Amino acid sequence: MRAALLAVLATAALLRLWSLGFGLDLEDPARSVLNNEVDEHGMATQVATGLRTGSLHPGEFLHRGPGGYLVFGVADLAALAPRVVFGEDSWDATFAAQEVFPAELQLIHRGVSAVAGLLTVLAIMALTGRLAGRRAGLIAGALLAVAYVHVRQSHYGTVDTLWALLVVITLERSLAWSERPTATGAVLLGLLGGAAAAVKYFGVLLGGPLVLAWWRARRAGRQGRLGLVLLGTLGGFVLLSPIVVLSPGDLIDKLLWSTATYASEPAAAALLGSLAHHLQFTLWIGVGEPVVVLALVGLALALRTGGEPRQLAVSVLLLTPSLFLTSHHPVRFGLPVAVLLVPFAAVVVERVFEHVGRTAGLLLLIVALAPSAARSVAFDGLIAETDTRVELVQLLHDAGARAEDVYAFGVYGLPRSAPKPYVDVYRASHREGGRPPAPIPEARPRFLLRDLTADGVSSLGWDAAAPLVGTRYREIARLDGRVDPEGVPMPDPAAGTPSHFVPYAEPWAMRRPGPGLVLYERIDDG
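Residues numbered from 1 in each chain as written. Predicted model: local features only at pLDDT ≥ 70, side-chain atom pairs only at ≥ 80, totals over all residues. Heavy atoms only, no water.

Things to note about the packing of helix α5 (residues 103-132) against helix α6 (residues 134-146)
Relative orientation and spacing of two packed helices are given, respectively, by the angle between their axes and the distance between those axes. Spelled out, the test is: To obtain each axis, a line is fitted to C-alpha atoms, and for helices this fit is confined to the stretch in contact; angles are then taken between N-to-C directions over 0 to 180 degrees. The helix and strand labels rest on DSSP assignments: H or I over at least four residues marks a helix, E over at least two residues marks a strand, and numbering proceeds from the N terminus. Each crossing gets its hand from how the near helix is turned against the far one by less than a right angle, where anticlockwise is left-handed and clockwise is right-handed. When checking whether two residues touch, look at their non-hydrogen atoms; a contact exists if any pair is within 4.5 Å. Under this grouping Gly is polar, as are all residues other than the nonpolar Ala, Val, Leu, Ile, Met, Phe, Trp, Tyr, Cys and Pro and the charged Asp, Glu, Lys and Arg.
Running from N to C, α5 and α6 cross one another at 145°; their axes reach a closest spacing of 7 Å. Of the two possible hands of crossing, α5 and α6 adopt the one that is right-handed. Residues T120, V121, I124, M125, T128, G129 and A132 of α5 touch α6, and the partners they reach there are R134, A136, G137, L138, A140, G141, L144 and A145. Residue classes in the contact of α5 with α6 are distributed as nine nonpolar, five polar and one charged.

A look at the nonpolar core
When a protein is soluble and globular, its nonpolar side chains tend to lie buried together. We apply this condition: Side-chain atoms within 4.5 Å link the members of a nonpolar core, which is a set of buried Ala, Val, Leu, Ile, Met, Phe, Trp, Tyr and Cys residues. Classification of residues uses two cut-offs on accessible area relative to the type maximum, computed with a 1.4 Å probe and protein chains only: under 20% is buried, over 50% is exposed, and between them is partly exposed.
Ranked by internal contacts, the top residues of the largest apolar core, which has 98 residues, are I124, L143, L340 and Y504. Element by element, the count of residues in this core is highest for helix α17 (residues 335-355), at 13 residues.

Looking at the environment of W91
Within the secondary structure layout, W91 lies in helix α4 (residues 91-100). When the C-alpha atoms of W91 and L283 are compared, they prove to be 44 Å apart, with 192 residues separating the residues in sequence. Leave out the neighbours within four places in its chain, and W91 touches L51, R52, L77 and V84.

What to know about α6
In plain terms, the rule: Here, expected helix span is obtained from the residue count minus one, scaled by 1.5 Å.
For α6, which comprises 13 residues, the first-to-last C-alpha distance of 19 Å matches the rise-based estimate of 18 Å (1.5 Å per residue) to within 8%. Summarising burial for α6: eleven of the 13 residues are buried, a large majority. Turning to α6, its buried residues number three or more, namely A136, G137, L138, I139, A140, G141, A142, L143, L144, A145 and V146.

Some thoughts on the side chain of Q106
Here Q106 lies in helix α5. The buried category is assigned to Q106, whose relative accessible area is 0%. The residues touching Q106, leaving out its near neighbours within four places in the chain, are L24, L34, E40, H41 and A44.

What about the packing of aromatic side chains?
Rules: Pairing of aromatic rings covers Phe, Tyr and the six-membered ring of Trp, with a centre-to-centre limit of 6.5 Å; geometry is then stacked below 30 degrees between planes, edge-to-face above 60, and tilted otherwise.
For the structure shown, the criterion picks out eleven aromatic pairs. Ring geometry for F409 and W462: centres 5.3 Å apart, planes at 70°, overall edge-to-face. Placement of the pair is F409 in strand β1 (residues 406-409) and W462 in helix α22 (residues 462-465), with a sequence separation of 53 residues. Judged on exposure class, the residue F409 and its partner W462 are both buried. Among the aromatic residues, ring-to-ring pairing joins Y148, F281, F379 and Y504 into one connected group.

Focus on the pattern of salt bridges
This is how the line gets drawn: Here, a salt bridge means any side-chain nitrogen of Lys or Arg that lies within 4 Å of a carboxyl oxygen of Asp or Glu.
Enumeration over the complete set of coordinates arrives at 22 salt bridges. The shortest N-O distance in the salt bridge between E308 and R130 comes to 2.7 Å. In this pair, E308 is assigned in helix α16 (residues 307-319) and R130 in helix α5, connecting sequence segments 178 residues apart. Here E308 falls in the buried class, since its relative accessible area comes to 12%. Notably, a salt bridge pairs R402 with E404, separated by 3.5 Å at the nearest N-O pair. Accessibility expressed as a relative area gives 46% for E404, which makes it partly exposed. Residues joined in a network through salt bridges with shared partners are D39, R64, D160, K200 and R332.

Here is the structure:
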């Protein structure tokens, strides 16, 4: 049993740490892709600003939950403070540099996310062990160790794996507290739930499971104090969100703005569309098709069994609104629900071990592990390769190109390294003050750069450049990692990460990450 535990943890750690530094060069901004994951870059720069100024105001973290600001801030401080104390750089210089080029902070945040992911594997083992014993816990650990959506999200410096970890621990403690509702347990349970809501506002959905835990204890004649749970919840939120005390108006304003901006349409079609998207990508593909089937069987069994299994099953159902609360639905919004399917699948596999036999149980476990294991390994291997954007920037650097020498046409697929090595035609025309660059015939840029993954590229200015290709400009480089450029749409809308050019469902459909890019050089003399 110990050998199996070590194998599960080693697998979980390897899949989450392998290629963790993808797209980042800690020394050279030009060789870093700083926009691989939605929010990752913004979170890093926000923490850098806070550390430089000594501010507890979470800034843009108010969009998602201010708790992550403190967690990441503590991790960054622990990693970089020795440089200030024992090195030659000042505090201000150290964190001002990170504001401009936060690759180091992004890597630290990814480390936090990966560690949270590994701890979630342990937490899910403990939770499942409560329901069906140690072997079932190990099975659950194995399933989550390779779970594709969890492995993938553990590579990003965002708050989602931390949020999922807190949700799992909260539910495990809610089961324990229902059986033995002590005052200390009530406060701890509340603190965990409040912390989860502070890290990501969707954590407020834990209110239902907390009330359910109290109701079950009370129904069994065990007197739990719901008031202490609620008090602990408030305390947990405030501890990770001092902005509640320092500037409550900012928190309220941001919550109202986010609700008005991102809330899902109440129409049934919109809600069902969000739910269908998560069912397909977050759960079916993200956890693995066989695991989802087993989990549905396990959920049905748990609802019939009663006791702790039923309490957990209902608790998970109470968390499912996270799948359709917003108008956009990246897979990370459903991460806790995806993780919490694993215990129910593990219980079914354990029953096969117990009632059918070891051979049948092992075969079923292998079948359950295979899809996610294949995707996770393919994903880790793919992102380890050089991104097309990094190579493109290197080509421009080797050619001695200045930013004004390159007119670029695209949106998400253009390199976002700092400083920007080109004139972004679309952004200059429509976003950066609305001042379009000089027309191509007059400016005679040395290079044209086209992002092949941009929809409607003609509207981005390419309609003026296209007639010049073949007469005044010749193609000198075409970088595209897709095995079949026509068969792999980019950016992939499935995962909700438009700047991360890795296919979600089939990471093996690319040889290297990054958008399709074509570079043209001027050939005319006049």
